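# Coordinate inspection notes
Residues per chain, in single letters:
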There are 2 protein chains.
Amino acid sequence: MTARGMLSRQRIVDAAAAVADRTGLASVSMRSVGAELRVEAMSLYHHVSNKEALLDALAEWAFVQIDLPEIGDPWRDAMVQRAESARTVLRAHPWALGMLESRPVPGPALLRHHDRVLGCLMTEGFSAALATHAFSTIDAFVYGFALTEAGLPFTPGEGAEAAFASQVAPPPEDYPYLARSLAELLHGGDYAFEDEFRNGLELILDGLAQRRMSIGTPWQ
Amino acid sequence: MTARGMLSRQRIVDAAAAVADRTGLASVSMRSVGAELRVEAMSLYHHVSNKEALLDALAEWAFVQIDLPEIGDPWRDAMVQRAESARTVLRAHPWALGMLESRPVPGPALLRHHDRVLGCLMTEGFSAALATHAFSTIDAFVYGFALTEAGLPFTPGEGAEAAFASQVAPPPEDYPYLARSLAELLHGGDYAFEDEFRNGLELILDGLAQRRMSIGTPWQ
DNA sequence: ACCTGAACACCGTTCAAGT
DNA sequence: ACCTGAACACCGTTCAAGT
């Protein structure tokens, strides 16, 4: 029943994730993670070399949860599925976004992920160059969308958009276009910021599909 | 010559930005910012209410540097210019990215920015809905690209891509597609990750241009 | 081998005291 | 009014000591 002798790197990382989920990345400290495991902070040092290493493991913990596409799946479905999976993971653990900047050296898991995505595209008629364009464009969009969403002053869905808009109520004399677009969007009553994800993603995938059809032309 | 009596909110925020640029966001502390100004940490509390408020001001300090588009400029040029400006700012101050997540309430500067971008699009034939799609897609891409770039284990440009690729040298038996795409891309000798920015941006803008032409159809 | 207590140099912040 | 010193409850980390 006690934690004695049962400490492990895996349990420590899980505990750190639990703390981050509950109270944010800033409150992940060697002491708070220790407390989560009913152990002194110093005990952790027998399993992780320092806090930096723990944070690296925590980043990996989150990104490993993103579904890998299967090589052989239709490329477009595969990209949609991966993007949605990434968004789901990053929505559940938004603190992981702050770890993308400034975390070093790609590990085997990241390389494997990279390889699968490229493979998925290159076995379906994408050149190496276009597959790389596709990868960086989709990834940038997905991470950026998750980042924007995490910073939103409301939780999207359930009509929170309308509630927030009427709360801020940007004065039309100062912000004419913003006011007009809010009015128009919310008039229908079914605006959901969430939908912008599929929207942007489909826009990007449409563009990629077109460039894929014209491989060999100046697009390469 | 002394700092006595010359402390101000502006000087404090500037000092915090200098510390962040030099040694990272993590090392921005009330004490380190005080030291930058040759003042005790406690003196700062007469100008900013606490560290959280200082960080809010620091986020604003960075984002205000992003060029606002002029209403009346051709929409596509305006979007490109704004995107490049954002990327330049975020490359110079990558710590600002970590502040996008978890920073609350949009201030007047952000609302103004929002209004201008929407105005730029809506005066050029974009519906409110399509302008909103455009805004969120471009922004997600730009932020996400900057985030990816900041996390890169090398500084893009100057052939660093090739140097890094040969350093990592993913074994082709483990990562066949990654190895093949790296080989193909670097064969030409002119691959630059940097170019993916314009590439992805143009792909998105092409998609938006097409949807703009078909306003009134099911796209809306 | 694994866990801990005390210690050190750091944090943010309060408050009473200086000018 | 503005700045500061001492103090408090926190950090990460080291190291010697316990089991």
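Residues numbered from 1 in each chain as written. Chains lettered and ligands numbered in written order. Predicted model: local features only at pLDDT ≥ 70, side-chain atom pairs only at ≥ 80, totals over all residues. Heavy atoms only, no water.

Going by the annotation in an unreviewed UniProt entry, the name recorded for chain A is AcrR family transcriptional regulator, with Marisediminicola antarctica given as the source organism.

Here we take up the UniProt feature "DNA-binding region" (unreviewed entry) in chain A. Mapped onto the present numbering, the UniProt feature "DNA-binding region" (unreviewed entry) falls on residues 29-48 of chain A. Taken end to end, residues 29-48 of chain A is 35% helix and 0% strand, and its first and last C-alpha atoms sit 13 Å apart. (UniProt positions renumbered as here; feature names shortened; annotations may be inferred. Helix = DSSP H or I, 4+ residues; strand = E, 2+ residues; numbered from the N terminus.)

So, on to the protein's contact with DNA strand D. Inspection of the region around DNA strand D gives 17 residues, with Met30, Arg31 and Tyr45 of chain A together with Ser43 and His46 of chain B positioned closest. For DNA strand D, the backbone makes up 50% of the atoms found within 4 Å of the protein, where backbone means sugar plus phosphate. The side chain of tyrosine 45 of chain A places a nitrogen or oxygen atom 2.8 Å from a phosphate oxygen of DNA strand D. Serine 43 of chain B has a polar side-chain atom sitting 2.5 Å from a phosphate oxygen of DNA strand D. Per-class residue counts for the surface near DNA strand D are 7 nonpolar, 6 polar and 4 charged. (Near = heavy atom within 4 Å. Polar contact = N/O pair within 3.5 Å; in protein donor to acceptor, adjacent residues only side chain to side chain. Nonpolar A, V, L, I, M, F, W, Y, C, P; charged D, E, K, R; others polar.)

Considering all chains together, one arrives at 16 aromatic pairs over all chains under this definition. Plain terms: the ring middles of phenylalanine 145 of chain A and phenylalanine 193 of chain A are 5.1 Å apart, the flat faces sit at 15° to each other, and that makes the pair stacked. Linking phenylalanine 145 of chain A in helix α6 (residues 128-151) with phenylalanine 193 of chain A in the loop between α8 (176-187) and α9 (195-213), this pair joins segments that are 48 residues apart in sequence. For phenylalanine 193 of chain A, a relative accessible area of 11% puts it in the buried group. Between phenylalanine 141 of chain B and phenylalanine 145 of chain B, the ring centres sit 5.8 Å apart and the planes meet at 45°, which makes this aromatic pair tilted. With a gap of 4 residues between them, phenylalanine 141 of chain B and phenylalanine 145 of chain B both fall in helix α6 (residues 128-151), about one helical turn apart. (Phe/Tyr/Trp six-rings, centres within 6.5 Å; stacked < 30°, edge-to-face > 60°. Buried < 20%, exposed > 50% of the residue type's maximum accessible area, 1.4 Å probe, protein only.)

Within the element layout of this structure, alanine 20 of chain B appears in helix α1 (residues 9-23). Note: C-alpha distance between alanine 20 of chain B and histidine 93 of chain B (73 residues apart in sequence) is 7.9 Å.

Right, let's get into unusual backbone geometry. The residue alanine 169 of chain A is not glycine, and still its phi comes out positive at about 45°. The topology assignment puts alanine 169 of chain A in the loop between α7 (160-168) and α8. In this model, arginine 38 of chain B sits at a positive phi of 55°, which is unusual for a non-glycine residue. Here arginine 38 of chain B lies in the loop between α2 (30-36) and α3 (51-63).

Before going further, it helps to examine the packing of α6 of chain A against α9 of chain A. Residue and element names in this part refer to chain A. One way to put it is that α6 packs onto α9 with a least axis distance of 11 Å and a crossing angle of 170°. Relative to α9, the element α6 is oriented roughly antiparallel. For the pair α6 and α9, contact is made by Leu130, Ala134, Thr137, Ile138, Phe141, Val142 and Phe145 and by Glu196, Phe197, Gly200, Leu201, Ile204, Leu205, Leu208, Arg211 and Arg212, respectively. Classifying every residue of the contact of α6 with α9 gives 11 nonpolar, 2 polar and 3 charged. (Axes fitted to C-alpha atoms, helices over the stretch in contact; angles between N-to-C directions. Parallel < 35°, antiparallel > 145°, perpendicular 65-115°, else oblique. Contact = heavy atoms within 4.5 Å.)

Once that is clear, we can look at the UniProt feature "domain: HTH tetR-type" (unreviewed entry) in chain A. Taken from the UniProt record, the annotation "domain: HTH tetR-type" (unreviewed entry) applies to residues 6-66 of chain A. Along residues 6-66 of chain A, the helical share is 57% and the strand share 0%, with 28 Å between the first and last C-alpha atoms.

As enumerated under the stated definition, the model contains 22 salt bridges over all chains in all. Between arginine 91 of chain A and glutamate 194 of chain A there is a salt bridge, and its shortest N-O distance comes to 3.0 Å. One end of the pair, arginine 91 of chain A, is in helix α4 (residues 75-92); the other, glutamate 194 of chain A, is in the loop between α8 and α9, with 103 residues separating them in the sequence. Its salt-bridge partner being arginine 198 of chain B, residue glutamate 202 of chain B comes within 3.1 Å of it at the nearest N-O pair. One end of the pair is glutamate 202 of chain B and the other is arginine 198 of chain B, both in helix α9 (residues 195-213) and 4 residues apart, which spans about a single turn. Taken together, the shared-partner salt bridges connect Arg76, Glu84, Arg198, Glu202 and Asp206 of chain A together with Arg211 of chain B into one network. (Salt bridge = Lys/Arg side-chain N within 4 Å of Asp/Glu carboxyl O.)

Once that is clear, we can look at the side chain of histidine 113 of chain B. Structurally, histidine 113 of chain B is set in helix α5 (residues 108-122). Leaving out residues up to four positions away in the same chain, histidine 113 of chain B has contacts with Ile66, Asp67, Leu68 and Arg82 of chain B.

A word on the nonpolar core. Val33, Met79 and Leu208 of chain A together with Val33, Met79 and Leu208 of chain B are the most contacted members of the largest nonpolar core, which totals 141 residues. Residue contacts for leucine 208 of chain B: discarding those within four places in its chain leaves Leu203 of chain A together with Trp75, Phe126, Leu130, Ala134 and Ile138 of chain B. (Core = buried A, V, L, I, M, F, W, Y, C linked by side-chain atoms within 4.5 Å.)

Moving on, we come to the domain arrangement of chain A. All names here are of chain A. Segmentation of chain A into domains returns domain 1 (1-48) and domain 2 (59-152 + 194-213). A straight line from the C-alpha centre of domain 1 to that of domain 2 covers 30 Å. The interface is formed by 7 residues belonging to domain 1 together with 5 residues belonging to domain 2. Around 480 Å² of area is buried between domain 1 and domain 2 when both sides are counted, 69% of it from carbon and sulfur atoms. Looking at the side of domain 1 facing domain 2, the largest losses of area belong to Ala17, Asp21 and Leu25, adding up to 69% of the total buried there. The tally of links between domain 1 and domain 2 comes to 0 salt bridges. Here domain 1 is connected to domain 2 by 3 residue pairs in polar contact (both at pLDDT 80 or more). (Domains from an automatic or database assignment. Buried area = accessible area lost by both parts, 1.4 Å probe.)

This part covers the relation of the copies chain A and chain B. Each copy of the sequence occupies a distinct position, and chain A is placed on chain B by a rotation of 180° and an axial shift of 0.0 Å, giving an RMSD of 0.0 Å. On this basis, the relationship between the two copies can be described by a two-fold rotation axis. A shared interface surface links the copies, since 100% of the contact residues of chain A are contact residues in chain B too. (Least-squares fit on C-alpha atoms with pLDDT ≥ 70 in both.)

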